[in-house]
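Single-letter residue listing:
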2 protein chains.
Amino acid sequence: MVPVTLDPPRRRLRATMLTSMSTSLHHRAVEHLGTRIVGGALPTGHVMLAEHLEDELNVSRSVVREAVRVLQSLGLVETIKRVGIRVLPAHRWNPFDPLVIRWRLAGEGRGAQLRSLAELRSAVEPVAAELAAGNAPESLRQELVGISLAMKEAGDAGDMPRFLDLDIRFHALVLSGSGNEMFANLIGQVTETLTGRTVHGLMPEHPQKQALQWHMDVAHAIDAGDGALARDAAAKIMRQTIAELSPSWDDQPRVFVPVSKN
Amino acid sequence: MVPVTLDPPRRRLRATMLTSMSTSLHHRAVEHLGTRIVGGALPTGHVMLAEHLEDELNVSRSVVREAVRVLQSLGLVETIKRVGIRVLPAHRWNPFDPLVIRWRLAGEGRGAQLRSLAELRSAVEPVAAELAAGNAPESLRQELVGISLAMKEAGDAGDMPRFLDLDIRFHALVLSGSGNEMFANLIGQVTETLTGRTVHGLMPEHPQKQALQWHMDVAHAIDAGDGALARDAAAKIMRQTIAELSPSWDDQPRVFVPVSKN
DNA sequence: GAGTTTTGATGTCAGCACACATCGGTGTCA
DNA sequence: TGACACCGATGTGTGCTGACATCAAAACTC
């Protein structure tokens, strides 16, 4: 439909795009370019022309420019006068941005991304538990104890869906209870790894008895205000988690970003 | 309609803007809005109109729109049809974005931001040292040993500027040597806290003898591939660092982000 | 009160003027 | 003749603007 004007100056036929509509053009453009860059379809150094992107995405210049500006702020591309839009090397990307993380998890960088997140968790959660023991509000401590008990119950009963829910909430509460905004911001990523682990069948059928105990240890230590104990118990959980997951990324090469001489 | 002339529809006089020019309008707009939001001048929930921003910044719609899109991707604002551009609460901001961090350090959130960064460092650096012991390339290990020795030299000699440079490079190498992209990405923030500590006179005149030894311990442990030793030595450095700095943020209230019920 | 219309803001488009790197041609000098 | 500096043409990002589309809040009608 909309054949109103035969072969208009631009042969772009926006009206015939029957898909989408759910999300804005801007959102789609960011998503399209982001996934292709992070996924590796557009290699480092690849140069695109804004006009070319207009045609490719069937959108106008404003949409392309706003999308490019966002990708620029994520460190995915840079714009150079008289040259075009250039894809930046991966070490320039902001590895903490939720969009970048999501795109990496969806593409070929999935293994390396999961490893990075797991290592970050293993670093942060023990410290978060320690801080929570010192700072968390009373209600949070009590909920934590309650959840750890419910986790044991669900674990012993083999109710894995319920266990997963509780597990997610447990770790979210620890991160939140630290009172550190950066730690709390990792809740989303942690949730992602926990669900991913279950979805991809990397979880044992029953949670380890030890792990259940460690979760209770963390909760009770936080409740009692014992930071060192909370930290050590959380560290044990993390060590076991890494041990469970590491086979899935053993083949991923590590990247060592050069440190500038200044 | 729209009486064409009559009292210039826009009294914007862009041409008279004799200042700036060094940076793009887009950059300035992002910076202006970002600092005012993060700095607290524009409170949570505050609603702006795009047109109003055009007048305020003396720029066109494209510049405002592109800037707003970037701020949106940082979680600082949301745009709502028929309402305007609304400032989001702080817990929606991306606390890992370099722009957000810089704006917080420049504004009233400085103390809380420094604490967050220090706690993040204290969590990450020991794990990074442990990973570096297992993964870092040979050349990096050797440079690390050399730097730790030079640090001791500069420290004993009381050459603080040189010590600061070496200190920064030392911690950057540890983070880089971990082979974890997220850790490596924290180099900039760590550098910021290290220089800030010196600039604000929070450093002792001579580095602690212990700290010098710990740095050497970390370097030698990484060089020898002893992860546990590297981790523990790095943890000691971090404990001392936190102890030195914590007085400067003791009065900052902690914020506990609520955890959604799902 | 429920449904409908109006209104006002963002979303999107396309054309223009400008700034400015890059490239290639031209001129000068050795 | 060859090397080098200059300079203008070209193309592309940057910025501005008017017009229209879209959509949700608010006002209105019944």
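Structure: see above.
Residues numbered from 1 in each chain as written. Chains lettered and ligands numbered in written order. Predicted model: local features only at pLDDT ≥ 70, side-chain atom pairs only at ≥ 80, totals over all residues. Heavy atoms only, no water.

Q: If you had to explain the sheet that holds strand 2 (residues 77-80) of chain B to someone new, which residues and values would you point to?
A: Hydrogen bonding along the main chain pairs the strands of a sheet, whether they run parallel or antiparallel. Residues and elements named next belong to chain B. Here three strands make up an open sheet; going across it, the order is 1-3-2 and the pairing antiparallel. In the strand order of this sheet, the two ends are held by strand 1 (47-48) and strand 2, each with one partner. Pairing geometry for strand 1 and strand 3 (residues 84-87), over two bridges, is antiparallel. Opposite Met48, over in strand 3, you have Ile85 as the bridge partner. The strands touched by helix 3 (residues 61-73) are strand 2 and strand 3; relative to strand 2, the strand with the most contacts, the crossing angle is about 120°. (Pairing = 2+ DSSP bridges. Helix = DSSP H or I, 4+ residues; strand = E, 2+ residues; numbered from the N terminus. Contact = heavy atoms within 4.5 Å. Axes fitted to C-alpha atoms, helices over the stretch in contact; angles between N-to-C directions.)

Q: Talk me through the relation of the copies chain A and chain B; I want residue IDs and the actual numbers.
A: Between chain A and chain B, the superposition needs a rotation of 180° and an axial shift of 0.0 Å, giving an RMSD of 0.1 Å. Each copy turns onto its partner about a two-fold axis. Comparing contact sets, 100% of the residues at the interface of chain A also lie at the interface in chain B, consistent with an isologous, same-surface contact. (Least-squares fit on C-alpha atoms with pLDDT ≥ 70 in both.)

Q: Pulling in residues and values, what's your account of the pairing of strand 3 (residues 84-87) of chain A?
A: Residue and element names in this part refer to chain A. As paired elements, strand 2 (residues 77-80) and strand 3 share four bridges and run antiparallel to each other. Bridging across to strand 3, Val77 finds its partner in Val87. Adjacent in sequence and paired antiparallel, strand 2 and strand 3 are bridged by three residues, among which Arg82 carries a positive phi angle near 70°.

Q: Quick rundown of the interface of chain A and chain B? Include the residues and the values.
A: By a widespread convention, an interface's size corresponds to the accessible area lost as its parts come together. With 54 residues of chain A at the interface, the matching set in chain B holds 54 residues. Interface area, chain A with chain B, both sides summed: about 4400 Å², of which 59% is carbon and sulfur. Counting the surface chain A buries against chain B, the share from its top three residues, Phe96, Met182 and Phe256 of chain A, is 17%. Here chain A is connected to chain B by six salt bridges. One salt bridge in this structure joins Arg69 of chain A and Glu66 of chain B, with 2.4 Å as the shortest N-O distance. Remark: the boundary between chain A and chain B carries 16 residue pairs in polar contact (both at pLDDT 80 or more). Looking at the side of chain A that touches chain B, the elements with two or more residues in it are helix 3 (61-73), helix 4 (98-106), helix 5 (110-135), helix 7 (160-177), helix 8 (181-184) and helix 11 (227-245) of chain A. With 13 residues, helix 5 of chain A is the single largest residue contributor to the side of chain A that touches chain B. Looking at the side of chain A that touches chain B, its residues break down into 26 nonpolar, 14 polar and 14 charged. (Buried area = accessible area lost by both parts, 1.4 Å probe. Salt bridge = Lys/Arg side-chain N within 4 Å of Asp/Glu carboxyl O. Polar contact = N/O pair within 3.5 Å; in protein donor to acceptor, adjacent residues only side chain to side chain. Nonpolar A, V, L, I, M, F, W, Y, C, P; charged D, E, K, R; others polar.)

Q: Hey, could you go over the side chain of Arg69 of chain B for me, with residue numbers and the actual values?
A: In this structure, Arg69 of chain B sits in helix 3. Leave out the neighbours within four places in its chain, and Arg69 of chain B touches His26, Glu66 and Val70 of chain A.

Q: Break down the environment of Pro98 of chain B for me, with residues and values.
A: Residue and element names in this part refer to chain B. Summarising the element assignment, Pro98 is placed in helix 4 (residues 98-106). Residue classification places Pro98 among the partly exposed residues on the basis of a relative accessible area of 44%. Considering only alpha carbons, one finds Pro98 and Asn185, 87 residues apart in sequence, at a separation of 9.9 Å. (Buried < 20%, exposed > 50% of the residue type's maximum accessible area, 1.4 Å probe, protein only.)

Q: Outline the packing of helix 7 (residues 160-177) of chain B against helix 9 (residues 187-199) of chain B, supporting the account with residue identities and numerical values.
A: Residues and elements named next belong to chain B. At a minimum axis distance of 10 Å, the contact between helix 7 and helix 9 shows a crossing angle of 155°. With respect to their mutual orientation, helix 7 and helix 9 come out roughly antiparallel. Judged by the sense of rotation from one axis to the other, the crossing of helix 7 with helix 9 is right-handed. Here helix 7 contributes Leu164, Asp167, Ile168, His171, Ala172, Leu175 and Ser176 to the contact with helix 9, which in turn contributes Ile187, Val190, Thr191, Leu194, Thr195, Arg197 and Thr198. Partitioned by chemical class, the residues of the contact of helix 7 with helix 9 number seven nonpolar, five polar and two charged. (Parallel < 35°, antiparallel > 145°, perpendicular 65-115°, else oblique. Left-handed = near helix turned anticlockwise from the far one by under 90°.)

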